[in-house]
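# Observations on the model geometry
So you can see what is in the structure, the chains are spelled out below.
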Amino acid sequence: MKRLLMVDLDTVLTRLYTNRLAANGFQVNIPATAATALSILRSGKPDLMVLDLGLPDVSGVQLLKNIRSEPNLAKIPVVVLTNSYGNTFGMEANLGIEKTFLKSDCNPTALMAAIDEILHPQLGT
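Summary of the structure given here. (Residues numbered from 1 in each chain as written. Predicted model: local features only at pLDDT ≥ 70, side-chain atom pairs only at ≥ 80, totals over all residues. Heavy atoms only, no water.)

### With respect to the overall build of the protein
Each helix and strand counted, the protein has five helices and five strands in total. The linear arrangement of helices and strands in the protein, starting from the amino end, is β-α-β-α-β-α-β-α-β-α. When each of the 125 residues of the protein is scored for burial, the buried share is 44%. Within the protein, contacts between residues at least 6 apart in sequence are counted, and of these 63% link residues at least 24 apart. Carbon and sulfur atoms provide 51% of the accessible area of the protein, an area that totals close to 6500 Å². (Helix = DSSP H or I, 4+ residues; strand = E, 2+ residues; numbered from the N terminus. Buried < 20%, exposed > 50% of the residue type's maximum accessible area, 1.4 Å probe, protein only. Contact = heavy atoms within 4.5 Å. Areas by Shrake-Rupley, 256 points an atom, 1.4 Å probe, with all protein chains shown as cover.)

Given below as structure tokens:
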């Protein structure tokens, strides 16, 4: 079973996406804070992280910088799912963001397709 960390405090959105991810064989962990997310990452690296940049306790950008600065976590694939879309284009290469979605333009099917493409790139060829 693939493990996914979804760092987003929107409970309606996380429930919607978690149901779809679970149906596709993912174990989804949804931490309540960025600090908890970092702790979970350190204790057991997930296969992929879905991250909202608009977190209340620490910005998603700062969380991602912290993750990228730790050698054991630096290679975790990250998909950004956010309403704070404007500044991500310049960050994608620098912070290793695999894919960025604006929440209003995304749905569970699109997110699942992006995750499949990231985790199983050979299937897309």
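From this point, the narrative continues.
### Regarding the nonpolar core
Val7, Leu41, Met49, Leu51, Leu63, Leu64 and Ile67 are the most contacted members of the largest nonpolar core, which totals 20 residues. Secondary structure elements with two or more residues in this core: β1 (2-7), α2 (34-43), β3 (48-51), α3 (60-69) and β4 (78-82). Setting aside residues up to four positions removed in sequence, Leu63 forms contacts with Val7, Ala34, Ala37, Leu38, Leu51, Leu55 and Val58. Leu48, Leu111, Ala114 and Ile115 belong to the second largest nonpolar core, which has 19 residues in total. (Core = buried A, V, L, I, M, F, W, Y, C linked by side-chain atoms within 4.5 Å.)

### Here we look at the environment of Arg20
Relative to the helices and strands, Arg20 resides in helix α1 (residues 11-23). Taking relative accessible area as the criterion, Arg20 reaches 31% and is therefore assigned partly exposed. Through-space distance from the C-alpha of Arg20 to that of Asn107 is 10.0 Å; in sequence the pair is 87 residues apart. Ignoring anything within four residues of it in the chain, the contact list for Arg20 reads Pro108, Thr109 and Met112.

### Considerations on the pairing of β1
Two elements, β1 and strand β2 (residues 26-29), share four bridges in a ladder whose sense is parallel. The residue of β2 that forms the bridge with Leu4 is Val28. Assessed by its sense of winding, the connection that carries the chain from β1 through α1 to β2 is right-handed. With four bridges connecting them, β1 and β3 associate as parallel partners. Among the inter-strand pairings, Leu4 is bridged to a residue of β3, identified as Leu48. (Pairing = 2+ DSSP bridges. Right-handed = clockwise from strand over helix to strand, strands pointing away.)

### Notes on the sheet that holds β1
Sheets are built from strands that pair by backbone hydrogen bonding, the pairs being arranged parallel or antiparallel. Read from one edge to the other, the open sheet built from five strands follows the order β2-β1-β3-β4-β5, with strand pairing classed as parallel. Looking at strand neighbours, the two that pair on one side only are β2 and β5 (97-102), the edges of this open sheet. Taken over all neighbouring pairs, the strand axes of this sheet differ in orientation by 20 degrees on average, direction set aside. Here β3 pairs with β4 via three bridges, running parallel. Looking at β4, one finds that Met49 is bridged to Val78. Relative to the sheet, α1 contacts β1, β2 and β4, its axis offset from that of β1 by approximately 170 degrees. Running over the sheet, α3 touches β1, β3, β4 and β5 and is turned about 160 degrees from β3. (Axes fitted to C-alpha atoms, helices over the stretch in contact; angles between N-to-C directions.)

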